[in-house]
Amino acid sequence: MSGDTPAPSPSSLSAATVVVHAGRPPHEPDQPLNAPIMMASTYVAGGDLEYGRYANPTWTAFEEALGALESGRALAFSSGLAAVSTVLDLVGRDALVVAPRHAYLGSIGQLGDLEARGRIKAALVDIADTAAVLEALDSSPDGAAILWIESPTNPALEVADMERLIAAGHDVGASVVVDNTFATPLLQRPLELGADIVLHSVTKFLAGHSDLVMGALVVRDDQLYDVLKGRRDLVGAIPGTLETWLALRGLRTLHLRIERSQANAAELVHRLSAHPAVTEVRYPGFGAVIAIVLDGADRADLLTHSTKLWVHATSLGSVESTFERRRRWKGEATTIPEGLVRMSVGIEDIEDLWSDLEQALRPVAG
Ligand SMILES: *Cc1c(COP(=O)(O)O)cnc(C)c1O
């Protein structure tokens with residue numbers, strides 16, 4: 001009977017298959033192929049769900065899929081920054097948090113806010129400088145509470161020596177958190193390298209269509225899972241059901257989107273490196289985010305306002321190509337060049353993307 005056919009076990013399959021199959025209802029007659037949208041605030045008492053702040057079957061489907069991809073147990077949150085806040089809330093008074101100086105602005109903002117209110121001590125380091133990270137981890141006699149890794153960083157695109165740093169963090173008793181938003185679990189799986197918590201802005205590549213804001217945490221340790229789930233229950237930083245359903249729908253094509261946008265990114269890196277208007281191209285060698293440096297803010301602004309296809313917009317990881325001059329944000333680190341333009345490469349035709357850039361770069365070079 002087809003009713004006895006189990007859904008395929010995700011662990012034995014490649015990521016390209018897991019991303020399509022994980023988190024589906026069982027293969028039984030009249031089961032839908034997609035997890036339905038469960039719009040419910042309360043459930044008849046006596047079961048596992050009880051109330052809409054504690055559980056939702058649509059979240060569970062998304063969490064099963066992301067958990068299978070990252071080899072852990074996932075929890076969905078209302079935004080990436082809600083997930084960041086949930087993790088940082090676990091840190092005790094006066095504890096040390098070591099983090100990249102070029103981490104996501106909102107993550108840096110939360111660290112600065114907690115430090116200003118006397119809650120924690122934050123040490124911001126160049127995450128690509130392993131010796132500097134080790135020194136910061138050793139700077140407190142009590143060790144560090146958290147080593148926060150973002151790799152590649154935003155928008156400098158520095159890459160951390162992940163395995164070395166995870167081991168060093170554990171040596172001083174720190175929990176190691178990896179913001180895996182830029183790489184996605186298809187290109188990098190930090191839990192398999194020993195990290196304690198993986199964080200995502202689901203808003204970006206995982207959802208991939210510029211149509212929702214959502215976050216997630218993924219862990220391996222059951223006790224840590226219970227603590228984080230308990231925090232989500234208590235604080236209520238839960239995602240909307242429709243957003244979660246859309247994120248799961250977006251996730252199904254992640255491997256195709258990454259494959260195409262990464263190939264586009266690599267080709268653009270090649271062509272931009274040879275362009276006279278571009279003084280520097282930064283690309284970590286994987287993923288779909290690149291950064292170019294033009295000679296000053298004015299030239300970069302001219303570029304971002306002269307394209308027809310490339311959209312001048314913040315955020316990244318969607319099907320359409322977007323870019324922005326990062327220093328237009330007041331809070332951006334002053335170590336980021338004024339003329340740096342972060343580019344999130346989409347899945348469009350490469351020649352269309354290139355000719356649009358080329359015509360916009362012409363007056364910049366002149
Ligand atoms: C966008 C982003 C965040 C924050 O996520 P939101 O969903 O916008 O709250 C965190 N980390 C990185 C690397 C991001 O790009």
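Residues numbered from 1 in each chain as written. Predicted model: local features only at pLDDT ≥ 70, side-chain atom pairs only at ≥ 80, totals over all residues. Heavy atoms only, no water.

**What about a negative patch on the surface?**
Operational definition: Excluding any residue in a salt bridge, patches collect residues exceeding 30% relative accessible area, merging like charges within 9 Å and nonpolar Val, Leu, Ile, Met, Phe, Trp and Tyr side chains within 5 Å. Computed with the Shrake-Rupley method and a 1.4 Å probe, the accessible areas treat only the protein chains shown as cover for residues. Salt bridge, as used here, is a side-chain nitrogen of Lys or Arg placed within 4 Å of a carboxyl oxygen of Asp or Glu. Charged residues are defined narrowly, with Lys and Arg counted positive, Asp and Glu counted negative, and His plus the chain ends left uncounted. Charge coordinates come from a single atom per side chain, which is NZ of Lys, CZ of Arg, CG of Asp or CD of Glu. A helix here means a DSSP run of H or I that spans at least four residues, while a strand means a run of E at least two residues long, and both kinds are numbered starting from the N terminus. Summary of the burial criterion: residues with accessible area below 20% of their type's maximum are buried, those above 50% are exposed, and those between are partly exposed, where the area comes from a 1.4 Å probe applied to protein chains only.
A cluster of acidic residues, Asp129, Glu135, Asp138 and Asp171, forms a negative patch at the surface. Relative to the helices and strands, Asp171 resides in helix H6 (residues 162-171). According to the relative accessible area criterion, Asp171 is exposed, its value standing at 69%.

**Some remarks on the site of the ligand**
The following threshold applies: Proximity is defined per residue: if any heavy atom of the residue lies within 4 Å of a molecule or strand, that residue is considered near it. Contacts described as polar in this section are N or O atom pairs within 3.5 Å, which, within protein, must combine one atom able to donate a hydrogen with one able to accept it, while residues neighboring in sequence count only if both atoms come from side chains.
Within the structure, the ligand sits among 13 residues, and Leu81, Asp179, Ser201, Thr203 and Lys204 are positioned closest to it. Take Thr203: an N or O atom from its side chain is 2.7 Å from an oxygen atom of the ligand. Contact between the ligand and Lys204: an oxygen atom at 2.7 Å from a side-chain N or O atom of the residue. Burial of the ligand by the surrounding chains reaches 93%, relative to a free accessible area of 380 Å².

**Description of the sheet that holds strand E3 (residues 120-125)**
Sheet strands line up and pair through hydrogen bonds in the backbone, either parallel or antiparallel. Quick reminder of the rule: DSSP calls a pair of strands paired once it identifies at least 2 bridges connecting them. To obtain an axis, a line is fitted to C-alpha atoms, over the contacting stretch when the element is a helix, and the angle between two such axes runs from 0 to 180 degrees between their N-to-C directions. Any two residues having at least one pair of non-hydrogen atoms within 4.5 Å are treated as being in contact.
Pairing within the open sheet is mixed, and its seven strands lie in the order E1-E7-E6-E5-E4-E2-E3. Only two strands of the sheet have a single neighbouring strand rather than two, namely strand E1 (73-77) and E3. Put simply, the sheet's adjacent strands are angled 20° from each other on average, direction ignored. Pairing analysis gives five bridges linking strand E6 (residues 197-201) to strand E7 (residues 215-219), with the strands arranged antiparallel. In the strand pairing of E7, Ser201 is matched with Gly215. This element, helix H2 (residues 57-70), spans E1, E6 and E7 of the sheet and lies at about 130° to E1. H6 contacts strand E4 (146-150) and strand E5 (175-179) of the sheet and is inclined by roughly 170° relative to E4.

**A word on the sheet that holds strand E10 (residues 311-312)**
In space, the five strands of this open sheet follow the order E8-E9-E12-E11-E10, with mixed pairing throughout. Each edge of the open sheet is held by one strand with a lone partner, namely strand E8 (280-282) and E10. In this sheet, strand E12 (residues 340-344) lies alongside strand E11 (residues 322-325) in antiparallel orientation, the contact comprising four bridges. Its bridge partner lying in E12, Arg325 is registered against Val341.

**Focus: the UniProt feature "modified residue: N6-(pyridoxal phosphate)lysine" (unreviewed entry) in the protein chain**
The test is simple: UniProt positions are given in the numbering used here, feature names are shortened, and annotations may be inferred rather than shown by experiment.
Mapped onto the present numbering, the UniProt feature "modified residue: N6-(pyridoxal phosphate)lysine" (unreviewed entry) falls at Lys204. Along the chain, the position of Lys204 falls in the loop between E6 and E7. Under the relative-accessibility criterion, Lys204 is labelled buried at 9%. What Lys204 contacts, discounting residues up to four positions off in sequence, is Tyr104, Thr181, Ser315, Leu316 and Gly317.

**A look at the pattern of salt bridges**
One pass over the full model with this rule turns up 17 salt bridges. Between Glu338 and Arg325 there is a salt bridge, and its shortest N-O distance comes to 2.8 Å. Residue Glu338 is found in the loop between E11 and E12, and its partner Arg325 is found in strand E11; the two are separated by 13 residues along the sequence. We classify Arg325 as buried; its relative accessible area is 9%. One network of salt bridges, with partners in common, ties together Glu324, Arg326, Arg328, Glu332 and Arg342.

**Here we look at the nonpolar core**
Short version of the rule: Only buried residues count toward a nonpolar core, which is a set of Ala, Val, Leu, Ile, Met, Phe, Trp, Tyr and Cys residues joined through side-chain atoms within 4.5 Å. Segmentation into domains, and thus their bounds, comes from an automatic or database assignment.
Core analysis: the biggest nonpolar cluster contains 37 residues, and Phe62, Val202, Leu251 and Leu254 have the highest contact counts within it. At the level of elements, helix H1 (15-21), H2, E1, E7, helix H9 (241-251), helix H10 (254-273) and strand E9 (289-293) are the ones that each hand at least two residues to this core. The greatest single-element share of this core, amounting to five residues, is contributed by H2. Counting the residues that make up this core, at least three belong to each of domain 1 (57-251) and domain 2 (254-365). Setting aside chain neighbours within four positions, we find Val202 in contact with Phe62, Ala207, Met214, Gly215, Ala216 and Ala247. Leu75, Ala83, Ile120 and Trp148 belong to the second-largest nonpolar core, a separate cluster that totals 25 residues.

**Considering the packing of H10 against helix H12 (residues 350-365)**
The condition is simple: By definition, any crossing whose near helix is turned counterclockwise from its far helix by less than a right angle is left-handed, and any crossing with a clockwise turn is right-handed. Only Asp, Glu, Lys and Arg are considered charged, only Ala, Val, Leu, Ile, Met, Phe, Trp, Tyr, Cys and Pro nonpolar, and every remaining residue, Gly among them, polar.
The geometry of H10 relative to H12 is characterised by a closest axis approach of 11 Å and an angle of 35° between their N-to-C directions. You can see that H10 and H12 cross each other, and the crossing is right-handed. Contacts between H10 and H12 involve Asn264, Glu267, Leu268, Arg271 and Leu272 on the former and, on the latter, Ile350, Glu351, Leu353, Trp354, Leu357 and Leu361. Among the residues forming the contact of H10 with H12, the class breakdown is seven nonpolar, one polar and three charged.

**Some words on helix H8 (residues 222-235)**
The following threshold applies: By this rule, a helix spans an expected 1.5 Å times one less than how many residues it contains.
The terminal C-alpha atoms of H8, which comprises 14 residues, lie 20 Å apart, in line with the 20 Å expected from a rise of 1.5 Å per residue. Along its buried surface, H8 packs onto H2, E1, helix H3 (80-88), E6 and E7. Where H8 begins, the capping side chain belongs to Asp221, and its oxygen is found 3.2 Å from the backbone nitrogen of Gln223.

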